[in-house]
Amino acid sequence: MPTLTIFNDAAASAEAPAPAAPESARPIPAVVGADLEVPVKGGRLVRYANLDYAASAPCLEPVSAAVTAALPAYSSVHRGAGYASQLTTARYEQARHTVRAFVGARPSDAVVFTRNTTDATNLLARCLPEGTTVVVFDTEHHASLLPWRDAVRLAPPAFPGEAVRAADEALAGVEGPKLLVVTAASNVTGELWPIAALAHIAHRHGARILVDAAQFVPHRRLNLTALDLDYVAFSGHKLYAPFGAGVLVGRGDWLAGGEPYLKGGGAVRAVGEAPEAAEWHEDPEPRHEAGTPNVLGAIALAAACDALNATGWTALVREEERLLARLRAGLATVEGVRELALWGADHPRVGIVSFTVDGFTAREVAEALSAEYGIGVRDGKFCAHPFVRHLLGTADGGCEDGTASAVRASIGIGTTQEHVDRLIEALRAIVAR
Ligand SMILES: Cc1ncc(COP(=O)(O)O)c(C=O)c1O
């Protein structure tokens, strides 16, 4: 790796940073494509109402600008002596620092760039010490439910305290290394999980905790150190940075002990003549980031972290809660619409709502919303089959069962009151047929 003569662009600037405006005065950044028009039945064009942020959020303008700014000097990372290569390497490593700070990680924590959350959970799964037992709730997204070899699966808890009690009991009954896996915010109901209490219980039993923060970090500030979490995973494309990077942040020892995720250049320190004569890096970042990394993805992810922090969470949360309350109140007025919830209507949640509509399949509703009203929502089981079946009270119909599903509306930066109102009016019209 060349010596870095440039560390970050801000440091190179002679100008002192402007003092930050109070949070209430800072503008919320715009999203790219806010004025996208889409065709609806009859050939008209309407402004797209994107209510599918939980699947993939649009790109923030400052994220797009950061990627555009990095492109002229785009070059190789960790392997070039040229100026552009040094600059790109510095930007990549600066992105790591930014992401570390964004989640409040400990200085000793590893920050490994991955493709997405699924890639991050699979990376950790491959690095678990021999004999590790994983305890996971059936409510998880498949990315956090499926990668584990020896998993104890816990039934959906009836209330948050029951989640803590069930984890306590399950971890107490396990010997050897243990990992508790839990999502911070459900991708189906938006409900927030008691991750601080779960971390406390995990540690009492000598276990570690991995928090799937894919749906949490776009909506709330996360502090890994304050919550005493061991690992967090999330995806750039849900955090307004759709350039193909995600991240696993957390304790380095298991990662340093695991097989390199990919074997190739960058992960290896030296290679001898014999095929097995490879000396792998022990530091988790180079060890698990073989090959040319996704520099622009990392830069985008870091730019999103910067943009959210610069806007301030108070303003972001306030606006989201206003729109979410309007959305849920509106849904409650539409006949035959039933919102799905694990822990009741009053439990705190992020801007994600799943619901069913009596007399219609979820697919029929989603298709009508798109074709007639220019509204984008998701329908299905949201890669959380056991959880959605539990919420709907349906039996396991096997992989081919397409009937038991729901509609999901999810919001974020760029969502407007008009989008929310259009959805409610459209649903009202659909059920009135
Ligand atoms: C809670 C949660 N975890 C994990 C994932 C997987 O994310 P990705 O598809 O970016 O790997 C998702 C995606 O919907 C999610 O909502």
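Residues numbered from 1 in each chain as written. Predicted model: local features only at pLDDT ≥ 70, side-chain atom pairs only at ≥ 80, totals over all residues. Heavy atoms only, no water.

Note the threshold: UniProt positions are given in the numbering used here, feature names are shortened, and annotations may be inferred rather than shown by experiment.
The chain goes by Selenocysteine lyase/Cysteine desulfurase in an unreviewed UniProt entry, where it is assigned to Nonomuraea wenchangensis. What UniProt states about the chain under its Cofactor (unreviewed entry) heading is, verbatim, "pyridoxal 5'-phosphate". Word for word, the UniProt comment on the chain under Sequence similarities (unreviewed entry) is "Belongs to the class-V pyridoxal-phosphate-dependent aminotransferase family. Csd subfamily."

### A word on the overall build of the chain
Using the following cut-off: The secondary structure listing takes helices from DSSP runs of H or I that are at least 4 residues long and strands from runs of E that are at least 2 residues long, numbered from the N terminus. With the radius of gyration taken over C-alpha atoms, the globule rule is written as 2.2 Å times the number of residues to the power 0.38. Any pair of residues with heavy atoms lying within 4.5 Å of one another is described as a contacting pair. Residue-level accessible areas treat just the shown protein chains as cover; the underlying method is Shrake-Rupley with a 1.4 Å probe.
Across its full length, the chain holds 15 helices and 17 strands. For the chain, whose C-alpha radius of gyration is 23 Å, the value lies close to the compact-globule estimate of 22 Å for 433 residues. Overall, the C-alpha framework of the chain stretches about 70 × 55 × 40 Å when taken along its three principal axes. Considering only intrachain contacts with a sequence separation of at least 6, the fraction spanning at least 24 residues in the chain is 72%. Summed over all atoms, the accessible surface of the chain reaches about 18500 Å², with 54% contributed by carbon and sulfur.

### Considerations on the packing of aromatic side chains
Here is the rule we go by: For Phe, Tyr and Trp, where Trp contributes only its six-membered ring, two rings pair if their centres lie within 6.5 Å, and the inter-plane angle classes them as stacked under 30 degrees, edge-to-face over 60, or tilted in between. Burial classes follow relative accessibility: with a 1.4 Å probe on protein chains only, a residue under 20% of its type's maximum area counts as buried, one over 50% as exposed, and anything between as partly exposed. Only when the NZ of Lys or the CZ of Arg is both within 6 Å of the ring centre and within 35 degrees of the ring normal is a charge said to sit over the ring.
On inspection of all chains with the given rule, the structure shows seven aromatic pairs. Summarising the aromatic geometry, the rings of Phe102 and Phe234 are spaced 6.4 Å apart at their centres and angled 55° between planes, so their arrangement reads as tilted. Separated by 132 residues along the polypeptide, Phe102 in helix H3 (residues 83-102) and Phe234 in strand E9 (residues 231-235) bring together distant segments of the chain. Per residue, the accessibility class of Phe102 equals that of Phe234, and both read buried. In this structure an aromatic cluster arises from ring pairing among Phe102, Phe234 and Trp313. The ring of Trp254 carries Arg208 above its face, with NZ or CZ at 4.3 Å from the centroid.

### Side note on helix H4 (residues 117-127)
Three- or four-residue spacings in an α-helix give side chains the same orientation, since the helix completes a turn every 3.6 residues. Defined as follows: By the criterion applied in these results, polar contacts are pairs of N or O atoms within 3.5 Å in which, for protein atoms, one can donate a hydrogen and the other can accept it, and in which residues neighboring in sequence qualify only through two side-chain atoms.
Within H4, eight of the 11 residues are buried, which leaves the element mostly enclosed by the surrounding structure. By the N-cap criterion, in which a side-chain oxygen at the helix start approaches the backbone nitrogen of a residue two or three places on, H4 is capped by Asn116, the distance to Thr118 being 3.2 Å.

### Points about the site of the ligand
Quick reminder of the rule: The nearness test applies per residue and asks whether one of its heavy atoms lies within 4 Å of the molecule or strand. Three residue categories are used. Nonpolar comprises Ala, Val, Leu, Ile, Met, Phe, Trp, Tyr, Cys and Pro, charged comprises Asp, Glu, Lys and Arg, and polar comprises the others, including Gly.
Around the ligand, the surrounding shell holds 13 residues, and the nearest of these are Thr118, Asp212, Ser235, His237 and Lys238. A distance of 2.6 Å separates an oxygen atom of the ligand from a polar side-chain atom of Ser235. For the ligand, whose unbound accessible area comes to 390 Å², protein coverage reaches 90%. Looking at the shell around the ligand residue by residue, the class counts come to two nonpolar, nine polar and two charged.

### Digging into the pairing of strand E7 (residues 178-183)
We count it as follows: Criterion used throughout: strands pair if DSSP finds at least two bridges between them. The crossover handedness rule: strands pointing away from the viewer, path from first strand over the helix to second strand clockwise, crossover right-handed.
In terms of burial, E7 is largely enclosed, as six of its six residues are buried. Where burial is concerned, the two faces of E7 agree: the one with Lys178, Leu180 and Val182 and the one with Leu179, Val181 and Thr183 are both buried. Two elements, strand E5 (residues 133-137) and E7, share four bridges in a ladder whose sense is parallel. The partner of Val135 across the bridge, within E7, is Leu180. One ladder, built from five bridges, connects E7 with strand E8 (residues 208-212); its direction is parallel. Bridging across to E8, Leu179 finds its partner in Arg208. Assessed by its sense of winding, the connection that carries the chain from E7 through helix H7 (residues 195-204) to E8 is right-handed.

### Overview of empty space enclosed by the protein
Note the following rule: Cavities and pockets are defined on a 1 Å grid built over the protein atoms alone: a cavity is a set of grid points where a 1.4 Å probe fits but cannot escape, while a pocket is an open set with protein on both sides within 12 Å along at least five of seven lines, and lining residues are those with an atom within 4 Å of any such point. Grid points are joined across faces, edges and corners, and a volume is the space filled by probe spheres set on the points.
All chains considered together, the criterion is met by one cavity of 30 Å³ or more. Considering only enclosed or pocket space, the largest cavity measures out at about 30 Å³ in volume. Considering the residues around the largest cavity, the lining is formed by Tyr53, Ala54, Ala57, Gln215, Pro218, His219, Lys238, Tyr240 and Ile411. Among the residues making up the lining of the largest cavity, the classes are represented as six nonpolar, two polar and one charged.

### Comments concerning the sheet that holds strand E14 (residues 352-357)
Selection criterion: Axes here refer to lines fitted to C-alpha atoms; in helices the fit is confined to the stretch in contact. Angles between the N-to-C directions go from 0 to 180 degrees.
Pairing within the open sheet is antiparallel, and its four strands lie in the order E13-E14-E17-E16. Strand pairing shows two members of the sheet lacking a second neighbour, strand E13 (337-339) and strand E16 (378-380), which therefore form its edges. Shown here is a sheet whose adjacent strand axes are inclined to one another by a mean of 30°, direction ignored. Relative to strand E17 (residues 406-410), E14 runs antiparallel, the two sharing four bridges. By the bridge assignment, Phe355 is partnered in E17 with Val407. Together, E13, E14 and E17 form the strand contacts of helix H12 (residues 313-332), whose direction differs from that of E14 by roughly 10°.

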